[in-house]
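The chain contents come next:
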Amino acid sequence: ERWKVHRLQQDVSEHFSASELVFLSPDADEVLTALDPAKVYVIGGLVDVSVQKRLSLGKAEALGATAARLPLREHVPEVCNGRLPLTLPAVL
């Protein structure tokens, strides 16, 4: 099954309810352990124009949406030396 990637000109909150959204943020406490096909995943790199701490997490909190981080610390600890920015293709 292929995942659909959509680019929206408007804010995601104009298209989806907060309960449908999961913002992927390196600053989130919750670890993403499984993908839910009923959820819409917002990649922080698309929201965070430059590397700014807590920007995508703050957006999720402001909307009342879920925020989660990729499980890099748990599965690839050698790349977790601070806040290593990931490229968009690496996240996808």
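The present account deals with the structure reproduced in this document. (Residues numbered from 1 in each chain as written. Predicted model: local features only at pLDDT ≥ 70, side-chain atom pairs only at ≥ 80, totals over all residues. Heavy atoms only, no water.)

1. Some remarks on the sheet that holds strand β3 (residues 66-68)
A sheet is described by the order of its strands in space; here three strands give the open sequence β2-β1-β3, paired in parallel fashion. Every other strand in the sheet has two partners, leaving β2 (40-43) and β3 as the edge strands with one partner each. Adjacent strand axes in the sheet meet at a mean angle of 30° when their direction is disregarded. One ladder, built from three bridges, connects strand β1 (residues 21-24) with β3; its direction is parallel. Each residue of the ladder has a partner; that of Val 22, found in β3, is Thr 66. In this fold helix α2 (residues 55-63) packs onto β1 and β3, with an angle of close to 160° to the strand it touches most, β1. (Pairing = 2+ DSSP bridges. Helix = DSSP H or I, 4+ residues; strand = E, 2+ residues; numbered from the N terminus. Axes fitted to C-alpha atoms, helices over the stretch in contact; angles between N-to-C directions. Contact = heavy atoms within 4.5 Å.)

2. So, the pairing of β1
Consecutive residues of a regular strand have side chains that alternate between opposite faces of the sheet. Neither face of β1 is exposed, since Leu 21 and Phe 23 on one face and Val 22 and Leu 24 on the opposite face are all buried. Looking at chain direction, β1 and β2 are connected through four bridges and run parallel. The residue of β2 that forms the bridge with Phe 23 is Val 42. (Buried < 20%, exposed > 50% of the residue type's maximum accessible area, 1.4 Å probe, protein only.)

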